[in-house]
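Breakdown of the fold
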Amino acid sequence: MKKFIWGVMVFILSTHTYSQTLTQTIKGQITDEQSGTPLIGATVRVAGISPPLGAVSDVNGYYRIEEVPIGRQSIYVSYLGYSSATIPEILVSTGKEAVINVKLIESLQQLDEVVISAEAQKKGEPRNDLATVSAISLGVEETSRFAATFDDPARAALTYAGVQTGGDDLLNEIVIRGNSPKGILWRLEGVEIPNPNHFTSIGSSAGGISMLSSSVLASSDFFTGAFPAQYGNATSGIFDLQLRQGNFDKHEHAIQAGLLGIAAASEGPIAKGSRSSYLVNYRYSTLSLLTNLGLDILGDEEDIAFQDLSFKIRLPTKKVGSFSIWGLGGRNTYDFNPNRAFGDFLVESEDQTLGVGGVTNVFYTSDDSFFETIISGSFSKLTNNSDSLNVKLFQNEDFVETSLRFSTFYNHKFSARHALRVGAVISRLGYDLENQFLIRSENRYITTLDENDHAEFLQGFSNWQFRPSDKLTINSGIHISHFALNNRTYVEPRMGFRWNREKYSITGGAGLHSRMETVALYTAKQQLESGGFVQNNKDLGFTRAAHVALGFEKMLMDGLKFKSEVYYQHLYDVPVWPNDTASSAEALSFSILNTFDGYTSTELANDGTGRNYGLELTLERFLTNGFYMLSTASFYKSLYTAADGVERSTQFDGGYIFNFLAGKEIPVGKNGNNTLGLNGKFIFAGGKRQAPLDIIRSINEGGSRFNFERNYELKLDNFFRMDIGISYRKNKPRLTSVIALNIQNLTQRSNEFFRFYDPGSGQIRSDSQVSFFPNLSYRIEF
């Protein structure tokens with residue numbers, strides 16, 4: 001394997017250069033940040049170019065600058081009565097036009113120019129202007145530079161403060177501020193969607209790899225707490241993902257092949273001159289290529305494959321606004337056929353299918369007001385079968401969940417000081433859930449799930465933005481949720497602010513939040529001794545949380561930013577085992593805050609609590625002169641209280657997280673037309689927790705036995721991982737190619753996953769996570 005890696009690096013470094021001076025187009029749209037109205041006559045100029053290059057936005061706010069030299073470029077945007085903007089370090093390449101949409105904020109008084117990112121906001125700040133604290137923007141071009149993210153938004157989020165792996169490097173599961181990954185909300189194009197990952201499980205928010213490709217994603221928002229009033233059904237974090245628009249002027253394509261599969265993308269105009277466009281991406285993969293290279297990622301007995309498709313069609317009209325038709329679909333299979341020579345006869349198979357689609361309409365009633373309305377639907381099916389002739393248990397799971405959503409909000413800008421956004425979401429949640437166990441000794445089935453019905457979930461919100469001055473922004477609002485299945489309602493006030501001082505900024509936010517469990521938990525049946533069934537958890541309430549966060553930001557010098565946040569989260573109404581029905585230490589110490597996925601038919605009660613608090617520090621150097629760096633340090637506690645009333649560490653209470661990543665872009669060739677990229681990432685974090693082993697019982701009973709009275713007191717070994725990435729970008733006329741090698745866990749460290757007693761050897765042993773994961777890819781854009 002080492003010879004293979006060195007061979008790839010030699011190929012990258014020895015590729016010949018192309019010396020011709022090459023150019024490309026920069027274009028986009030200039031709009032008002034609060035109302036979204038196009039700004040006519042805005043001036044856009046490329047910095048440091050002689051002779052000068054620039055353009056003026058047209059009646060629809062669009063601008064176009066042609067013959068811009070490839071490489072890293074910066075543009076300046078100005079408009080009378082608005083704060084000016086600088087968008088630095090835009091990647092300009094021959095294979096694809098650079099589309100830079102800029103939102104300007106109206107000045108209450110004349111201000112000096114402010115520096116914002118390539119998505120028209122300050123570096124790292126969210127796209128949503130209602131977010132003030134505990135939120136960042138995940139820029140596609142920026143995060144694609146990070147080593148071993150594999151174009152996955154969740155893996156990219158691991159580089160930021162307060163975020164760590166969920167305990168299995170094979171999955172993109174993440175823990176935010178000590179919260180269970182189950183509390184994460186996924187949104188696409190403004191609406192909630194099912195978990196958009198391959199190889200997931202019921203109730204989970206993660207999987208093996210994202211179904212969404214960076215080829216179709218725009219910069220998206222990632223929240224870690226104190227969410228604005230617009231968002232509901234989340235207690236841990238939010239991924240608010242957006243699909244970008246296709247190029248409405250020319251057709252562009254991309255093809256990529258690598259060890260994780262092959263992909264093809266295409267975009268372009270539908271009708272010339274109409275500004276309508278399409279964008280589509282398809283990907284197919286099997287990990288058999290890794291097995292052929294001698295990398296035993298899963299095992300000889302396992303076989304997996306996956307494919308996904310995503311698209312967006314934009315259709316602007318003259319009278320009824322702009323329409324977007326968008327969708328995401330994916331399917332994956334997993335089969336385990338054991339080697340019977342080792343005495344293992346359990347055969348497993350899993351099949352997962354996901355489909356999400358919607359139609360979005362944005363309609364302006366005036367220059368300062370618009371409606372955004374979305375009709376969307378989703379279909380998710382998970383089938384899991386396991387069977388063995390040598391054990392007593394046969395299992396068949398068949399979960400189908402559907403949704404039909406109507407979402408709308410009205411946005412009105414009263415003035416530069418005041419703006420209002422109010423909206424509602426009506427969701428019809430359908431489910432057809434079946435789970436059966438066969439007890440062979442009794443020759444009968446036990447059915448824990450057999451439900452085919454639907455339930456309504458209603459949400460409404462209102463948010464008022466008030467700007468007393470150009471330096472202070474205050475967002476206040478309320479979110480209301482109603483779950484018709486058990487007729488429970490939740491009223492959640494929210495507030496956030498951002499105060500920009502001359503040399504620093506102070507941010508803050510507070511609010512109430514809640515999270516629904518998987519529908520399977522509310523509808524699961526428990527069989528009674530009489531032979532009947534009861535739904536123990538149909539009336540179970542949501543997990544609730546109160547978040548408070550305060551932040552400080554300061555630009556230490558041009559391109560170097562320091563950021564700190566302190567936070568406190570109080571969780572309550574947490575599902576735990578009822579004290580009057582739990583008898584074992586395991587049940588008495590159970591809390592849903594320590595789970596990753598799944599459901600139970602056993603009765604739960606909203607009697608648990610939890611709390612998370614911590615400090616996060618970030619030092620970030622934005623890409624300047626070809627170099628970038630991000631360093632974070634997080635110190636936190638994550639605690640919970642279950643039915644026995646004892647406060648304990650949660651499974652995710654590692655205590656600390658340290659991240660460091662850096663990269664360098666080196667121009668190559670006579671005119672610097674090509675670029676060599678070198679990237680590295682280091683993660684060091686406190687280990688997860690589990691119940692300590694009861695050694696005497698384990699020895700006497702011949703298997704692992706745990707002391708649940710001391711649940712989660714045992715802290716596993718610290719987590720350490722080093723990832724690297726090397727890429728070579730080559731530009732030719734009308735074509736760009738990129739060859740890249742990314743390696744997760746370069747040192748092949750075996751991070752501890754779980755500790756158990758091995759009766760065969762009589763020793764305590766540990767399961768470890770994936771030790772080494774490479775991905776070699778080659779991409780062409782034309």
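Residues numbered from 1 in each chain as written. Predicted model: local features only at pLDDT ≥ 70, side-chain atom pairs only at ≥ 80, totals over all residues. Heavy atoms only, no water.

Things to note about the overall build of the chain
Scanning the chain from terminus to terminus reveals 7 helices and 47 strands. Relative to a compact globule of 782 residues, whose C-alpha radius of gyration would be 28 Å, the chain shows 27 Å and is just as compact. The dimensions of the chain, computed from C-alpha atoms along their principal axes, are 85 × 60 × 50 Å. The proportion of buried residues among the 782 residues of the chain is 55%. If you take every contact in the chain between residues at least 6 apart in sequence, the share linking residues at least 24 apart comes to 65%. Carbon and sulfur atoms provide 55% of the accessible area of the chain, an area that totals close to 32000 Å². Averaging the locations of the 72 positively and 83 negatively charged side chains of the chain gives two centres separated by 7 Å. (Helix = DSSP H or I, 4+ residues; strand = E, 2+ residues; numbered from the N terminus. Rg over C-alpha atoms; globule rule 2.2 N^0.38 Å. Buried < 20%, exposed > 50% of the residue type's maximum accessible area, 1.4 Å probe, protein only. Contact = heavy atoms within 4.5 Å. Areas by Shrake-Rupley, 256 points an atom, 1.4 Å probe, with all protein chains shown as cover. Lys, Arg positive; Asp, Glu negative; His and termini not counted. Charge placed at Lys NZ, Arg CZ, Asp CG, Glu CD.)

Focus: the pairing of strand E10 (residues 135-138)
Residues of E10 alternate between two faces, with Ala135 and Ser137 on one and Ile136 and Leu138 on the opposite face, all of them buried. Both E10 and strand E17 (residues 220-223) contribute to a ladder of 4 bridges, which runs antiparallel. Looking at E17, one finds that serine 137 is bridged to aspartate 221. (Pairing = 2+ DSSP bridges.)

Re the environment of glycine 357
Locating glycine 357 in the fold gives a position in strand E24 (residues 347-366). Overall, the relative accessible area of 25% leaves glycine 357 in the partly exposed class. In this structure the C-alpha to C-alpha distance between glycine 357 and valine 646, which are 289 residues apart in sequence, comes to 46 Å. Contacts of glycine 357, omitting those with residues within four sequence positions, involve Trp326, Gly327, Ile375, Ser376 and Gly377.

Notes on a nonpolar patch on the surface
Together, Leu550, Val566, Leu615, Phe635, Phe658 and Phe684 line one region of the surface with nonpolar side chains, adding up to about 460 Å² of accessible area. Note on placement: phenylalanine 684 falls in strand E40 (residues 674-685). (Patch = residues over 30% accessible without salt bridge, like charges linked within 9 Å, V, L, I, M, F, W, Y side chains within 5 Å. Salt bridge = Lys/Arg side-chain N within 4 Å of Asp/Glu carboxyl O.)

A look at the nonpolar core
One finds Ile174, Leu188, Phe222 and Phe239 to be the most contacted residues of the largest nonpolar core, which totals 34 residues. When contributions to this core are tallied by element, the ones reaching two or more residues are E10, helix H3 (153-157), strand E12 (174-176), strand E13 (184-188), strand E18 (237-241), strand E23 (322-336), E24 and strand E37 (627-641). A total of 3 residues in this core trace back to one element, the largest contributor, which is E13. When sequence neighbours within four positions are dropped, the list of residues in contact with phenylalanine 222 reads Ser134, Ala135, Ile136, Leu138, Ala157, Val163, Ile174, Ile176, Ile238 and Phe239. (Core = buried A, V, L, I, M, F, W, Y, C linked by side-chain atoms within 4.5 Å.)

Just geometry here; none of it tells us what the structure is for.
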